[in-house]
Amino acid sequence: MMRLLCLLFAAAVACGPVQDAPEALESESSQLGPSIPLCTGADAPGYCHNRDVVYYDGRIWTGETDAPVFHGAMLVRDGKVVTVGTIAQVEAAAGPLRHNVRLWGRVVLPGLVDAHSHVAMLAKKDWTVGAHPSTWAPGPGPTLADITVLVGTRAATAPPGEPIVFFYGAGLYSQLRAAGLTARAYLDGLTTSNPVYGLEWSGHAQAVNSTALLESGLRDFQPDPYGGWTGRDSLGRHNGILQEFAVLAAVESLSSRISNDEYIQQHDAYDVGGLSKGITTTADFVFVYRDIRGEYIHERMSRPAAMVPVCIITSAGKLCAPGPDGVVRRKVFADGTHVASSALVSLPYLNPSAMPDGFPTNTGLGIRNLTDAQFRWALDDTLTRNGLLAVHAIGDAGVEQTLRLLEERPDVDWSERVTIEHGDMANPGQVARAAALGIRWVQNGTHLALLPPMMVAANEPALYAHAEPMRSLLDAGVRLALGTDAFGSDPTDTSVAVSPNPWLDIMLTAVHPYFPHEAIAVGQALGAYTREAARSRLLPRQGTLAPGKDATFFLPSSDPFAATPDVLPGITSCLTVVSGAREWLDRSCFGATGGAQ
């Protein structure tokens, strides 16, 4: 039977016989190249029960330190790591019934943990017109003339009531100002038969027509929602621009048109795409739909544990529910982003005409999304019900508010309770204070390429002279985690990757294109994407291959420690194992005998 399994699943690594007595590993046959045996996991066949799995002839990086220190062998029992060391050490610890897996000298890494992502797609491919922002961000995006053609052409053929969606950048705001138009009036001039949703590529704002406002339940003269801001014309009516949590009604209106089955399929595709690159767990910051719907979708995925939900506090006093593991993970937003000049900064933005019109709350310094009282409530809830509070803060003033309120409570150990998400414009003094507080910092490699050009165009040099700290964080003793900050896309849209590429992130941290003095080593980036990412999301069984941890790991297609930066984005996973069970296998990585090609 085992011989048959070896033949059926032939590919990744050598499959030695299941043994009833210890035998030297070196004597294993290497003529076959089957997959990891299905000896662990919920679907384990009975004859594999209680048999150890010995992985040998590998270069196993446990992730316990950033240094490229490798071990030759690993023992797995019941989906958990028992020991890692030399072949002799592992063989001595293995039981009499075992299965031996030869790794053919390949590097083994702990499964990557994407510490910050937004998995659900915002819109269907069939609704969307124009280029995806991955082709032009952080540039200004489509012009008014472009949008007129894109939306007008689709409106001429789209069934009445079908959404029309386009992505835009900062250029839309300045062009509307120059034309003396509100977004609502401009888009109404293109069509009122269809709801039009312009999605700012940051995810923090939208430009909509009257039809979209109506179907989203947004009415003139309504007060702004908690943590959100609606643009107003001179009479106080909606001008069609929604910022921060004001977008939620429109986002949920769009997502309500996408069925649960479609979302489950999309989440599964996102997960498979991640597994193919070594991502085994994703922290999903849910905002496209209500939390209860997200729970329903996650539970019905092929691999429900792939997603760890992070609840966003979107209303005053909202008590986020615990995740499946009983841990409450919650998020607040201290400020916005640079696209709409809404990141909260300490010196005025250079070009007020680039800001969206109709937002008196932005006095030229960005937008403060939370009052101190609202922020303190979230901190108190974290202390009362435990778990995590992730704080989005991009501008230096947003970071300052976060640190100041944490420092108000010197009696509290915030180290395992609060993370700063992004912190792109933090100054050296703030980095030192974060280190003193012991909090983790979660950054995204793509920010290192996307935000600096906008900072240079929009901010005083004093604000971005120390921007995008990475090496400075580590040098100061701040624990750094990494995530993609990606948005999911319609899996039927083959022009857009169905899931993010963490290796692009790792490459960007290793070169730091605009501030190369802040670049970090690949080993440090991998530590941030494994050990520290897991700790930042309170996932104690993940992140390393230390004894007692889940046997969750992958074999990268190239050795990242030896790869040049240009090679890193092309790395994929040849084999991904989660809690001892194989979840992904790329047969093309291996030769006919199971060894490396």
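Cut-offs and rules
- Residues numbered from 1 in each chain as written.
- Predicted model: local features only at pLDDT ≥ 70, side-chain atom pairs only at ≥ 80, totals over all residues.
- Heavy atoms only, no water.
- Axes fitted to C-alpha atoms, helices over the stretch in contact; angles between N-to-C directions.
- Helix = DSSP H or I, 4+ residues; strand = E, 2+ residues; numbered from the N terminus.
- Parallel < 35°, antiparallel > 145°, perpendicular 65-115°, else oblique.
- Left-handed = near helix turned anticlockwise from the far one by under 90°.
- Contact = heavy atoms within 4.5 Å.
- Nonpolar A, V, L, I, M, F, W, Y, C, P; charged D, E, K, R; others polar.
- Pairing = 2+ DSSP bridges.
- Disulfide = S-S within 2.5 Å.
- pLDDT = per-residue confidence, 0-100.
- Phe/Tyr/Trp six-rings, centres within 6.5 Å; stacked < 30°, edge-to-face > 60°.
- Buried < 20%, exposed > 50% of the residue type's maximum accessible area, 1.4 Å probe, protein only.
- Lys NZ or Arg CZ within 6 Å of the ring centre and 35° of its normal.

1. Details of the packing of helix α8 (residues 260-275) against helix α9 (residues 291-299)
Part 1: Axis separation between α8 and α9 bottoms out at 9 Å; the angle between their running directions is 60°. Taken together, the axis directions place α8 and α9 in an arrangement best described as oblique. Note on packing geometry: the crossing formed by α8 with α9 is right-handed. Seen from α8, the contacting residues are N260, Y263, I264 and H267; seen from α9, they are R293, Y296, I297 and H298.
Part 2: Residues of the contact of α8 with α9, tallied by class, amount to four nonpolar, three polar and one charged.

2. Concerning the sheet that holds strand β22 (residues 553-556)
Part 1: What the five strands build is an open sheet, ordered β3-β7-β22-β23-β24; its pairing is mixed. Each of the sheet's edge strands pairs with one partner strand only, and the pair in question is β3 (59-60) and β24 (581-585).
Part 2: Bridge count for β22 against strand β23 (residues 573-578) is four bridges, and the pairing is antiparallel. Directly across from F554, in β23, lies its bridge partner T576.

3. Considering the state of the cysteines
A covalent bond between the sulfur atoms of two cysteines is referred to as a disulfide.
Part 1: Within this structure, the stated rule accounts for two disulfides.
Part 2: The disulfide bridge from C311 ends at C320, spanning 2.0 Å between sulfur atoms. In this structure, the disulfide formed by C311 and C320 twists by about -65° around the S-S bond and is classed as left-handed.

4. A short note on the confidence of the model for the chain
Part 1: Per-residue confidence for the chain gives a mean pLDDT of 91; residues scoring 70 or more make up 90%.
Part 2: In the model, residues 1-48 has pLDDT below 50 throughout and makes 123 contacts with residues more than four positions away in sequence or in other chains.

5. Considerations on the packing of aromatic side chains
Part 1: The full count for this structure, using the stated rule, is 10 aromatic pairs.
Part 2: Ring centres 5.3 Å apart and planes at 80° place the aromatic pair Y55 and F553 in the edge-to-face group. Pair noted here: Y55 is in strand β2 (residues 52-56) and F553 is in strand β22, with a separation of 498 residues, a long-range link. Residue Y55 shares its accessibility class with F553, and that shared class is buried.
Part 3: Taken together, the ring pairs in this structure connect W61, F70 and F561 into an aromatic cluster.
Part 4: Over the ring of F70 we find R59, and its NZ or CZ is 4.2 Å from the ring centre.
Part 5: One cation-aromatic arrangement involves R300 over Y296; the distance from NZ or CZ to the ring centre is 3.5 Å.

6. Observations regarding the environment of D291
Part 1: Mapped onto the elements, D291 comes out in helix α9.
Part 2: Residue classification places D291 among the partly exposed positions, given a relative accessible area of 31%.
Part 3: Measuring from C-alpha to C-alpha, the distance between D291 and V310 comes to 9.1 Å, with 19 residues separating the pair along the chain.
Part 4: When sequence neighbours within four positions are dropped, the list of residues in contact with D291 reads V286, C311 and K318.

7. Here we look at helix α7 (residues 248-255)
Part 1: Most of α7 is tucked away: six of the eight residues are buried.
Part 2: Looking at α7, one finds that the buried residues are L248, A250, V251, S253, L254 and S255.

8. Looking at the sheet that holds strand β15 (residues 307-312)
Part 1: Strands sit in the order β20-β19-β18-β17-β16-β15-β14-β8-β21 across an open sheet of nine strands; the sheet is parallel. Pairing within the sheet leaves two strands with one partner each, and these edge strands are β20 (479-483) and β21 (486-488). Across the sheet, the axes of successive neighbouring strands diverge by a mean angle of 35°, strand direction being ignored.
Part 2: In this sheet, strand β18 (residues 418-422) lies alongside strand β17 (residues 388-393) in parallel orientation, the contact comprising five bridges.

9. Focus: the pairing of strand β6 (residues 98-102)
Note on strand geometry: in a regular strand, side chains alternate between the two faces of the sheet.
Part 1: Where burial is concerned, most of β6 is hidden: four out of the five residues are buried.
Part 2: In terms of strand pairing, β2 meets β6 through five bridges, oriented parallel. Within β6, the position partnered with D52 by the bridge is R98.

10. Some thoughts on the pairing of β24
Part 1: Sheet topology places β23 next to β24; four bridges connect them, and they run antiparallel. For T576, the partnering residue across the bridge sits in β24 and is W584.
Part 2: In this antiparallel pair of consecutive strands, β23 and β24, the connection spans two residues, and S579 shows a positive phi of 50°.

11. Considerations on unusual backbone geometry
Part 1: The step from A137 to P138 runs through a cis peptide bond, and the omega angle for that step is 10°.
Part 2: Mapped onto the elements of the fold, P138 is located in the loop between β8 (112-121) and α3 (144-155).
Part 3: Positive phi outside glycine occurs at H422, with the angle close to 85°.
Part 4: The class for H422 is buried, based on a relative accessible area of 2%.

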